[in-house]
Amino acid sequence: MSRIVSSRQLAAACAAAARGWPVVPAGVDSKVPLFEGWDSVATTSQEKISVWWARAPYNIAISCRAAELVVLDLDAAHGELPPAQWARRGVRHGRDVLRLLAHDLGEPDPVHTYRVWTPSGGEHRYFQAPQDVALRNTVGALGWHIDTRAQHGCIIAAGSALRVAGKRRLYRLAQPLLPVAPLPLWIVTALTPPRAADLPARTSGGVILPARRATAYAAAAVRGETTKVREATPGTRAHTLFVAAIKLGQIVGARWLDEQDAVDALLIAASGHEGVSGWTYAESLHHIMNGIARGVREPREVLDIA
């Protein structure tokens, strides 16, 4: 059975590469690439892909940077109540929010593009990245239950699989199969990060560090929080991981740390707990994404204490 699954996923990896999308293996039933520095390892080489996927039925991660893609990740509510502004408009899914955002701007719903259904009832919409601006990964920046994958991010391709409620479910191509459309200008504008010159020189708490020092500060924070996650014990893991995600999310919100880097670091730190006392990858991802989203809403002030 594993050989059949591996062949199916090998074919899917080759199909993505044939589109010019560099790929790299992600863990079996996982969203996390196998290699550190995965973004530089991703390839379109059919020979290398064949060697990788001969080893196991790995999932397929596409490097959004190398593929020149921006992917909108639209999630279902799964019982979560939307914010009041969306609840009164009957929103039940990230795709509803995207449609209404477009409508409010007098734009068409950006649905006519390459799309993939996710195992959890979500939807990935693929777009051509703009050439004149480097977009970053975001959580909820566009709207409720809308995340984006762009520079430094990866997206799990059609043909991959995850376990949902104990069942193995596939990422499936939507029908009809459409070409990848350019990212609409209104979304480009909404996702374009402010120029450094536009950022405030001061906050209510002090002076923002120069970028090189803030980068070191962010790296130290990642090391500290991931160490706490790795060393957490059963009974404390959920709280430790959630708090660590909040703290790194605050640095993401201050624009000193890339969101996907924070998510990847926390997932790797938490991976050692998987299978221990019932802990699962899905539980790690749940606490990380909730914590990151909360932290982004409350950016941490990076102070000059020298």
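This structure is a prediction, so every number in the text was calculated from the model and none was measured.

Student: Residue-level account of the packing of aromatic side chains, with values.
Tutor: What the rule picks out here adds up to 5 aromatic pairs. Plain terms: the ring middles of W21 and Y114 are 5.2 Å apart, the flat faces sit at 85 degrees to each other, and that makes the pair edge-to-face. Taken together, the residues W21 in the loop between α1 (2-18) and β1 (23-26) and Y114 in the loop between α6 (94-104) and β4 (115-117) connect sequence positions 93 residues apart. Comparing W21 with Y114, the two get one shared label, buried.

Student: An account of the pairing of strand β2 (residues 59-63) is requested, with residue identities and associated values reported.
Tutor: In terms of burial, β2 is a largely internal element, 5 of the 5 residues being buried. Of the two faces of β2, the one lined by N59, A61 and S63 and the one lined by I60 and I62 are each fully buried. Here 4 bridges tie β1 to β2, and the two strands are oriented antiparallel to one another. Within β2, the position partnered with V23 by the bridge is I62. With 3 bridges joining them, β2 and strand β8 (residues 154-156) adopt antiparallel strand pairing. The residue of β8 that forms the bridge with S63 is C154.

Student: Can you tell me about the pattern of salt bridges, naming the residues and giving the values?
Tutor: Per the counting criterion, the structure on display carries 11 salt bridges. One salt bridge connects D29 with R163, and the closest N-O pair in it is separated by 3.5 Å. In this pair, D29 is assigned in the loop between β1 and α2 (38-41) and R163 in strand β9 (residues 161-164), connecting sequence segments 134 residues apart. Accessibility expressed as a relative area gives 17% for D29, which makes it buried. In this structure, the salt-bridge partner of E225 is K228, at a minimum N-O distance of 3.4 Å. In this pair, E225 and K228 both sit in helix α8 (residues 211-231), 3 residues apart, roughly one turn of the helix. The network of salt bridges with shared partners includes R95, D109, R115, E123 and R125.

Student: Account for the packing of helix α9 (residues 237-253) against helix α10 (residues 259-270), naming residues and giving values.
Tutor: Taken N-terminus to C-terminus, the directions of α9 and α10 make an angle of 160 degrees; their axes are 9 Å apart at the nearest point. Taken together, α9 and α10 sit at an angle that is classed as roughly antiparallel. Read as a crossing pair, α9 and α10 show a hand that is right-handed. Contact residues: L241, A244, A245, L248 and V252 in α9; E259, A262, L266 and A270 in α10. Its residues placed into classes, the contact of α9 with α10 shows 8 nonpolar, no polar and 1 charged.

Reading the values: rules and limits
Residues numbered from 1 in each chain as written. Predicted model: local features only at pLDDT ≥ 70, side-chain atom pairs only at ≥ 80, totals over all residues. Heavy atoms only, no water. Phe/Tyr/Trp six-rings, centres within 6.5 Å; stacked < 30°, edge-to-face > 60°. Helix = DSSP H or I, 4+ residues; strand = E, 2+ residues; numbered from the N terminus. Buried < 20%, exposed > 50% of the residue type's maximum accessible area, 1.4 Å probe, protein only. Pairing = 2+ DSSP bridges. Salt bridge = Lys/Arg side-chain N within 4 Å of Asp/Glu carboxyl O. Axes fitted to C-alpha atoms, helices over the stretch in contact; angles between N-to-C directions. Parallel < 35°, antiparallel > 145°, perpendicular 65-115°, else oblique. Left-handed = near helix turned anticlockwise from the far one by under 90°. Contact = heavy atoms within 4.5 Å. Nonpolar A, V, L, I, M, F, W, Y, C, P; charged D, E, K, R; others polar.

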